[in-house]
Amino acid sequence: MPILGSAPRAILFDFDYTLGDSSPAAVACLRYALRGLGLPDRDPAACARTIGLALPAALVALAGPENAHLTAEFHRLFMERADEVMVAWTSLYPFTAGLLSTLRTRDIRVGIVSNKEAFRIRGILDRFGLTGLVDTIVGAGDVADPKPAPDALLLCLERLGADRGHAIYVGDNLVDGQAAAAAGIPFVAVTTGHTGADDFSSYEPLAIFPDASGVLELLDGRNA
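Notes on the structure follow. Please read all numbers here as calculations on a predicted model, not as lab measurements. Here the residue numbers are simple positions, counted from 1 along each chain's written sequence. Thresholds applied to this predicted model are a pLDDT of at least 70 for local features of residues and 80 or more for the giving and counting of side-chain atom pairs; totals over whole chains, interfaces and linings are not thresholded and use all residues. Water and hydrogen atoms were dropped before computing side-chain values, which therefore reflect all heavy atoms in the structure.

Any pair of Phe, Tyr and Trp rings, taking the six-membered ring for Trp, is counted once the centres come within 6.5 Å. Such a pair is stacked with planes under 30 degrees apart, edge-to-face with planes over 60 apart, and tilted for the rest. In the structure shown here, the tally under the stated rule is 2 aromatic pairs. Ring plane angle 20° and centroid distance 5.5 Å describe the contact between Tyr93 and Phe95, whose orientation is recorded as stacked. The buried label goes to any residue with under 20% of its type's maximum accessible area, the exposed label to any with over 50%, and the partly exposed label to all in between, with areas taken from a 1.4 Å probe on protein chains only. By relative accessible area, Tyr93 is classed as buried at 17%. Centre to centre, the rings of Phe187 and Phe200 are 5.8 Å apart; their planes meet at 55°, and the pair counts as tilted. Note that Phe187 is positioned in strand β7 (residues 187-190) and Phe200 in the loop between β7 and β8 (207-209), a separation of 13 residues in sequence. Taken individually, Phe187 and Phe200 each receive the classification buried, so the pair is uniform in this respect. What counts as a helix is a DSSP run of H or I of at least four residues, what counts as a strand is a run of E of at least two, and both are numbered from the N terminus.

A word on the pairing of β7. The side chains of a regular strand alternate, first on one face of the sheet and then on the other. Of the two faces of β7, the one carrying Phe187 and Ala189 and the one carrying Val188 and Val190 are both buried. Sheet analysis places strand β6 (residues 167-171) next to β7, joined by 3 bridges and oriented parallel. Each residue of the ladder has a partner; that of Tyr169, found in β7, is Phe187. After leaving β6, the chain enters helix α8 (residues 174-183) and then returns to the sheet as β7, a path that is right-handed. In this scheme, strands are said to pair when DSSP sees at least two bridges between them. When β7 meets β8, the two strands line up parallel, connected through 3 bridges. In the sheet register, Ala189 faces β8, and the bridge partner there is Ile208. When the strands point away from the viewer and the path from the first strand over the helix to the second turns clockwise, the crossover is right-handed.

Turning to the pattern of salt bridges, a few remarks are in order. One side-chain nitrogen of Lys or Arg within 4 Å of one carboxyl oxygen of Asp or Glu is enough to make a salt bridge. For the structure shown, the criterion picks out 13 salt bridges. As a salt-bridge pair, Arg35 and Asp41 come within 3.6 Å of each other at their nearest N and O atoms. Relative accessible area serves as the criterion here: at 48%, Arg35 is assigned to the partly exposed category. Salt-bridge contacts for Asp135 lead to Arg109; the nearest nitrogen and oxygen are separated by 3.2 Å. In this pair, Asp135 sits in the loop between α6 (118-127) and β5 (136-138) while Arg109 sits in strand β4 (residues 109-113), placing the two residues 26 residues apart along the sequence. Put simply, Asp14, Lys147 and Asp176 are held in one network by salt bridges that share partners.

Let us look at the layout of surface pockets. The rule is simple: put a 1 Å grid over the protein atoms alone, call a set of points where a 1.4 Å probe fits but cannot get out a cavity, call an open set with protein on both sides within 12 Å along at least five of seven lines a pocket, and count a residue as lining if it has an atom within 4 Å of a point. Grid points are joined across faces, edges and corners, and a volume is the space filled by probe spheres set on the points. Approximately 370 Å³ is the volume attributed to the largest pocket. Along the walls of the largest pocket sit 26 residues, with Leu53, Ala54, Leu55, Asn115 and Lys116 positioned nearest its centre. Where the lining of the largest pocket is concerned, the elements lending two or more residues are α1 (23-36), α3 (55-63) and α4 (71-89). Residue contributions to the lining of the largest pocket peak at 5 residues, all from α4.

Here we come to the nonpolar core. To form a nonpolar core, buried Ala, Val, Leu, Ile, Met, Phe, Trp, Tyr and Cys residues must be joined to one another through side-chain atoms within 4.5 Å. Formed by 58 residues in total, the largest nonpolar core has its most connected members in Ile11, Phe13, Phe78, Leu103 and Val170. The contact rule is simple, with two residues in contact once any of their heavy atoms fall within 4.5 Å. The residues touching Phe78, leaving out its near neighbours within four places in the chain, are Ala26, Cys29, Leu30, Ala33, Leu55 and Met86. Core analysis: the next-biggest nonpolar cluster, separate from the first, contains 20 residues, Leu12, Val143, Leu157 and Tyr169 among them.

Our focus in this paragraph is α6. All buried positions along α6 are accounted for by Ala118, Arg120, Ile121, Ile124 and Leu125. Angular distribution of buried residues about the axis of α6 spans 160°; they occupy a single face of the element. Elements that come into contact with the buried residues of α6 comprise α4, β3 (91-92), β4 and β5. Following α6 by one or two positions, Gly129 has its phi on the positive side, about 70°. The arc under discussion is defined with respect to the helix axis, by the directions toward the C-beta atoms.

Next up on the list: the sheet that holds β6. Adjacent strands of a sheet form backbone hydrogen bonds with each other and so pair up, either parallel or antiparallel. Read across the sheet, 6 strands follow the order β5-β4-β1-β6-β7-β8 without closing on themselves; strand pairing throughout is parallel. Looking at strand neighbours, the two that pair on one side only are β5 and β8, the edges of this open sheet. With direction set aside, neighbouring strand axes in the sheet form an average angle of 20°. Examined bridge by bridge, strand β1 (residues 10-13) and β6 share 4 bridges and lie parallel to one another. Within β6, the residue paired with Ile11 across the bridge is Ile168. Throughout, an axis means a line fitted to C-alpha atoms (over the contacting stretch in the case of helices), and angles, computed between N-to-C directions, take values from 0 to 180 degrees. Strand contacts of α6: β4 and β5, with the helix running at about 140° to β5, the strand carrying the most contacts.

Dropping the structure here:
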């Protein structure tokens, strides 16, 4: 894992379980898609643990690799239900607005990199009046290979005009750590999702925080 030599000029965030909680909507969409395919339903906890994965990986996690060939229809059904509930049922964490506002005042570029579709994240931010605090959003439809591939992170850096030596990526999931490592971007882990602090050790994060507001502690420490 690369070492950050100075205060970051760009901070990239995952979305689900990092800046917001879409689990009520995502669980509903996953179960709707499974039922629509005639596959066994899964309980909400099992579904919630797949949030942050690309949809093909979520399907395999919930229904087994023998059903991977159903990915296209699974995606269609998920999106059908998501059109109805995803924006309306998603909440932001209490710290998110203040965190993004503070980063703006410090002239730090902000991007969101997610396996969720960018237009849905934009809709959620619009709902809370925060769209102007994020410089770019890279979602599932913007790259051929979603996280844990590095493509989305590298595209986000390109859009922000930032280099990997002056950026960090903040996420809650092992796929975030994998993507950061593949992209050569220093990683900050948060435990607001379903991944414990010990599970991140192999990705050598710069820091592990209870939530993404800890990024401000990291910045203050580097600027002290």
